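Here are the chains, one letter per residue:
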Amino acid sequence: MNINAAKLRRTILGLLSLLLFSSAPAYGVEIDDVLWGFDGTATGRSFLPVHVLVRNETGDPFTGFLTLEKEVQLGNRIGAGLIEAMVLAPGQKSWVHFYVFLDNGDMGQVWNWRLRWSGTQRGTIELESFPKQGPKARVLLLERDGLSGGSFGVPVLSEELFPPMVTATDSLDTVFLDHVPRWQESQREAFRDWLYRGGHVHVLQGAGGVFPRFPAPLEVLNAPADDATPSESGISRIGRGVITHQQRNRFELDRSFLKQTLPDRGQVDPKPAMSVGVEESDNSFFSRFNQMTTPRHNWLAIFLLGIVYWLMLFPGGWILGRSRTDYRVVLAALVTTIGLFSVCFSYIGARGYDETATVNSVAVAHHLGGNRWDVMQWSGVFVTDGGRYTITHAEHSSDRGNPSRDQTTINRRNSGLLYATPGNNHAVAGSIDNGPGGRMEVDIPPFTMRPFLHRMKASGPSWDIEIARIRFADDRSLEKLSLQLQPTSPISTLRKSWVIGNLTVFQLKPSSDGRELVLGNKLGHVSTLKKQPNQSAMANSRSWDTQHRPTEQLFEEMHQPLLSEMLRQLDPTLKEALRSDRLRLLLLADQPESFHVDNPQLRHQVGQVLFVQDLIIPLGTP
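Because the structure is a prediction, the values reported are computed rather than measured.

1. Digging into the overall build of the protein chain
Counting secondary structure elements, the protein chain contains 13 helices and 29 strands. Long-range pairs, those at least 24 residues apart, make up 70% of the contacts in the protein chain with a sequence separation of at least 6. Carbon and sulfur atoms form 54% of the exposed surface of the protein chain, whose accessible area is close to 30,800 Å².

Next up, the structure:
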């Protein structure tokens, strides 16, 4: 009886404890919301902002780090984790921003995304939301406290979530705006850069039916002073961007207006197939970097030494054993032979044939005006001494206060640094801190290469080029073209050049005096070249003698994949991406120093960049 009473008491206490703890509120760091991109969708092969709303439910401050990791279904991490520092006061709620590179296969529930936090508290949670494949976002930008109430025809985005760098805006197409956002300077500059690069802005009427007046650097969004109410068809442009002032407010974005205003982008396959040649380009870049740092062993000497070594063991050892009765002499001879040839093989086959730590790169840089460029770069870091390396492209510390440095380099301000290790199916020993001053910390074993890609806004050369002569055929195809190179253009570093006119790609060649670029051979239509696989180059990468081709030839083999990669970055609607009143100029040149990795351990850096900028066709051109 006593035993049953004791069991009953324990059971009651257990139930009360379970009820107490199950009904108690959570007490610690909590994740309130997760937002992928601008409207929950993403385009492949781009960096996407991921916003995490974090709340501190404790009575003590939280100081530590949040880490976002991609995992396979079994829980193993893939690539390097993205890390962000975080400080929260008791009861505070704040957004933490990650910038994730999404490959074509990263949309949907393919991987698990796990968020960990460490510091004064520790915890982990598996995210329940995933990025979805979709076209570039079209959003209505609202005030920080304007998300409650109202029904609009397009998805809404709080102004505070707009990224502070243009390199994180690849998945954004159109913004509807009816007020002056309360932004930091970096966000205003990023919005203007996004617009210059090809964004679309519809300025709506605000309170009282009046268009907002924007301060610098967003003054380009203001309605003309002499026409406070421009017509529906009136538009203005900056760079590749388009600005339209609409005589309606945010509540009048009905379906018929949106259908008339926004071009139809068609249906998007939720499970898209891999784009032809996309993975091939990456593999072509990284495989060439690997070949550039592969030692040129004397294989003839190695093979001859191997044959001699085999003959010394057999029949040499067998003959010695038959002619000598003392087995100790035979064993000593064998041990001596093995030791001697081990030293020889170690000397002849070792690494270190004048090898140095090297960074090889190729990049596509889109013009942002002046000497500013939006850069997508593929790089391979080869090291001879293993260890933990910091990869960043921030301003060189050695440039500050050094009067001997070139003024362009001294004034360099690289920003929006985003890093990724794409195509990995295994964990990378390191971490990535993406942001305005981003960096990647990674362990690299000796005599190995770490491939990575990154985005940045960087200063670079200013190509001052004008259209001297141009003529079109009856079908509007280019028939004659001459581009005048100004003395300030760094023409000495120019390796190749192309031009895109009426959706057709032509080669350019220098004139006899070297002062102009004139029309050359026709390569083909944009839609064909962007899908063209580079099978010959990939076949060469697997052949026996690729390790012995010079670096210049290996860079030459990357020109076609680089051109195709640039064409794939165009909008799906080619006519919108390539306007009829402009030519798109493609200049392949040596990598400027401002594109180099900022690390004194990596002084030897070689690369080539495809610079992309538009040229306005003069009015009245026949």
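2. As for the nonpolar core
Of all hydrophobic cores here, the largest spans 72 residues; its most connected members are Phe-98, Ile-391 and Leu-481. Ignoring any residue separated from it by four or fewer positions in sequence, one finds Phe-98 in contact with Leu-48, Pro-49, Val-50, Val-52, Leu-66, Thr-67, Leu-68, Leu-82, Ile-83, Glu-84 and Leu-115.

3. Brief notes about the confidence of the model for the protein chain
A low pLDDT score tells you not to read the predicted coordinates there in detail. On average, residues of the protein chain carry a pLDDT of 80, and 79% of them reach 70 or more. Scored below 50 in pLDDT, residues 16–26 makes one contact in the model with residues more than four places away or belonging to other chains.

4. Section: the sheet that holds strand β18 (residues 387–391)
Strand order in this open sheet of seven strands is β8-β7-β4-β5-β20-β21-β18, and the pairing throughout is mixed. Because the sheet does not close on itself, it has two edges, and the strands there are β8 (123–126) and β18. Mean inter-strand twist for the sheet, computed between neighbouring axes without regard to direction, equals 20°. Pairing of strand β7 (residues 112–119) with β8, which is carried by four bridges, proceeds in the antiparallel orientation. Bridge pairing in β8 places Arg-116 opposite Thr-124.

5. Examining the side chain of Asn-56
Tracing the backbone through its elements, the reader meets Asn-56 in strand β3 (residues 46–56). A polar contact is formed between the side chain of Asn-56 and the side chain of Thr-58, at a distance of 2.7 Å. Setting aside residues no more than four positions away along its own chain, Asn-56 makes contact with Gly-28, Pro-61, Phe-62, Leu-88, Ala-89, Pro-90, Gly-91, Gln-92 and Gln-121.

6. Side note on unusual backbone geometry
The omega angle of the peptide bond from Ala-216 to Pro-217 is 5°, so this bond is cis rather than trans. Phi at Asn-502 takes a positive value of approximately 50°, unusual for a residue other than glycine. Judged by relative accessible area, which is 44%, Asn-502 ranks as partly exposed. Residue Leu-503 is not a glycine yet carries a positive backbone phi of 65°. The residue Leu-503 is located in the loop between β25 (494–501) and β26 (504–510) in this model.

7. Looking at helix α12 (residues 559–568)
Every α-helix carries 3.6 residues per turn, so stepping three or four residues along brings you back to the same face. Within α12, nine of the 10 residues are buried, which leaves the element mostly enclosed by the surrounding structure. Residues of α12 that are buried: His-559, Pro-561, Leu-562, Leu-563, Ser-564, Glu-565, Met-566, Leu-567 and Arg-568.

8. Concerning the pattern of salt bridges
This model, assessed by the stated rule, comprises 32 salt bridges. A salt bridge links Arg-45 to Asp-103, with the shortest nitrogen-to-oxygen separation between them at 3.3 Å. Of the two residues, Arg-45 is situated in the loop between β2 (41–42) and β3 and Asp-103 in the loop between β6 (93–102) and β7; the sequence distance between them amounts to 58 residues. Under the relative-accessibility criterion, Asp-103 is labelled buried at 11%. Measuring nitrogen to oxygen at the nearest pair gives 3.7 Å for the salt bridge that ties Glu-159 to Arg-182. Residue Glu-159 is found in the loop between β11 (156–158) and β12 (172–177), and its partner Arg-182 is found in the loop between β12 and α2 (185–197); the two are separated by 23 residues along the sequence. Note on Arg-182: relative accessible area 53%, which makes it exposed. Each of the salt bridges in this network shares a partner with another, and the network as a whole consists of Glu-69, Glu-71, Arg-77, Arg-114, Arg-116 and Glu-126.

9. Considering the packing of aromatic side chains
Under the defined criterion, the tally for this structure stands at 14 aromatic pairs. Taking 5.3 Å as the distance between ring centres and 45° as the angle between the ring planes, the aromatic pair formed by Trp-183 and Phe-191 counts as tilted. There is no split in this pair, since Trp-183 and Phe-191 are both buried. With a centroid separation of 5.1 Å and an interplanar angle of 55°, the aromatic rings of Phe-285 and Trp-378 are classed as tilted. With Phe-285 in helix α4 (residues 278–292) and Trp-378 in strand β17 (residues 372–383), the pair connects residues that are 93 residues apart, well separated along the chain. In this structure Phe-285 comes out as buried when scored by relative accessible area, which is 0%. A relative accessible area of 0% means that Trp-378 is categorised as buried.

10. Things to note about the sheet that holds β3
One open sheet accounts for three strands, arranged β1-β3-β6; its pairing is antiparallel. This sheet does not close on itself; its edge strands, each paired only once, are β1 (29–36) and β6. Each strand of the sheet is rotated relative to its neighbour by a mean of 25°, with strand direction disregarded. Of the pairings in the sheet, the one linking β3 to β6 comprises 10 bridges and is antiparallel in character. The partner of Val-50 across the bridge, within β6, is Phe-98.

Conventions used here
Residues numbered from 1 in each chain as written. Predicted model: local features only at pLDDT ≥ 70, side-chain atom pairs only at ≥ 80, totals over all residues. Heavy atoms only, no water. Helix = DSSP H or I, 4+ residues; strand = E, 2+ residues; numbered from the N terminus. Contact = heavy atoms within 4.5 Å. Areas by Shrake-Rupley, 256 points an atom, 1.4 Å probe, with all protein chains shown as cover. Core = buried A, V, L, I, M, F, W, Y, C linked by side-chain atoms within 4.5 Å. Buried < 20%, exposed > 50% of the residue type's maximum accessible area, 1.4 Å probe, protein only. pLDDT = per-residue confidence, 0-100. Pairing = 2+ DSSP bridges. Axes fitted to C-alpha atoms, helices over the stretch in contact; angles between N-to-C directions. Polar contact = N/O pair within 3.5 Å; in protein donor to acceptor, adjacent residues only side chain to side chain. Salt bridge = Lys/Arg side-chain N within 4 Å of Asp/Glu carboxyl O. Phe/Tyr/Trp six-rings, centres within 6.5 Å; stacked < 30°, edge-to-face > 60°.

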